[in-house]
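Here is what each chain is made of, one letter per residue.
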Amino acid sequence: MICKAKMKKLVAGVMLMGLVVQLTPIQQAKAMAVETKEDIIAVGAVNAKVVRSDLTITGETANCSALVSTGEQKPKISGTMKLKKSSGETWKTVKTWNLSSDRSYLSEKKKYAVTKGKYKLVVSVTITSGKTSETIKRTDTATCK
């Protein structure tokens, strides 16, 4: 029979092991770039508050926009906004815009003439503040009919 003191130690040890197992993916997320359309930054993001890509197609015009917001005083934001067109199983880049800002906010809006097909906008930015740097990707898709 196990006494109460030993049982408490056993339960505490099992709980601690569960916590360690749960923390491992969080630690891994800190080293990865994130690719999604959502505004919410993944666990471990240091410099970014919001990174967003938005693609809409009206008629034969693609409206492309990138939004980046940091909480940092003197960040450096750099990256690209790429419009890609589906070509079978691959995506071909049709237009690239460079992004750059030394402020805590970047907003870029561009228009581009498109033809029938499926398009993807990929916003990839690196945000550097002090000795910390992180790269985040956001994507959005739309179809020109």
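Note that the structure is predicted; figures quoted are calculated from it, not measured. (Residues numbered from 1 in each chain as written. Predicted model: local features only at pLDDT ≥ 70, side-chain atom pairs only at ≥ 80, totals over all residues. Heavy atoms only, no water.)

How would you summarise the nonpolar core if you had to cite specific residues and measurements?
Ranked by size, the top nonpolar core spans 23 residues in total, and within it Leu55, Cys64, Met81, Leu83 and Val125 carry the most contacts. Looking at this core, the elements that each hand over two or more residues are strand S1 (48-58), strand S2 (61-70), strand S3 (76-87), strand S4 (90-101), strand S6 (117-129) and strand S7 (132-144). It is S6 that provides the largest number of residues to this core, a total of five residues. (Core = buried A, V, L, I, M, F, W, Y, C linked by side-chain atoms within 4.5 Å. Buried < 20%, exposed > 50% of the residue type's maximum accessible area, 1.4 Å probe, protein only. Helix = DSSP H or I, 4+ residues; strand = E, 2+ residues; numbered from the N terminus.)

Provide a residue-level description of the sheet that holds S2, including the pertinent values.
Pairing within the open sheet is antiparallel, and its three strands lie in the order S1-S2-S5. Either end of the sheet is taken by a strand with one partner, and the two such strands are S1 and strand S5 (105-113). Each strand of the sheet is rotated relative to its neighbour by a mean of 10 degrees, with strand direction disregarded. Taken together, the 10 bridges between S1 and S2 define a ladder with antiparallel strand orientation. Paired with alanine 48 across the two strands is threonine 70, which belongs to S2. (Pairing = 2+ DSSP bridges. Axes fitted to C-alpha atoms, helices over the stretch in contact; angles between N-to-C directions.)

Report on the packing of aromatic side chains, specifying residues and quantitative values.
Taken as a whole and judged by the stated rule, the model has one aromatic pair. On the basis of an interplanar angle of 85 degrees and a centroid distance of 6.4 Å, the ring pair of tryptophan 97 and tyrosine 112 is categorised as edge-to-face. Placement of the pair is tryptophan 97 in strand S4 and tyrosine 112 in strand S5, with a sequence separation of 15 residues. Residue classification places tyrosine 112 among the partly exposed residues on the basis of a relative accessible area of 28%. (Phe/Tyr/Trp six-rings, centres within 6.5 Å; stacked < 30°, edge-to-face > 60°.)

Summarise the environment of tryptophan 91; cite the residues concerned and give the values.
Mapping tryptophan 91 onto the fold places it in strand S4. On the basis of relative accessibility, which here comes to 31%, the residue tryptophan 91 falls in the partly exposed class. As a C-alpha pair, tryptophan 91 and tyrosine 119 span 28 residues in sequence and 8.3 Å in three-dimensional space. Not counting chain neighbours up to four residues away, the residues in contact with tryptophan 91 comprise Lys84, Lys85, Ser86, Lys118, Tyr119 and Lys120. (Contact = heavy atoms within 4.5 Å.)

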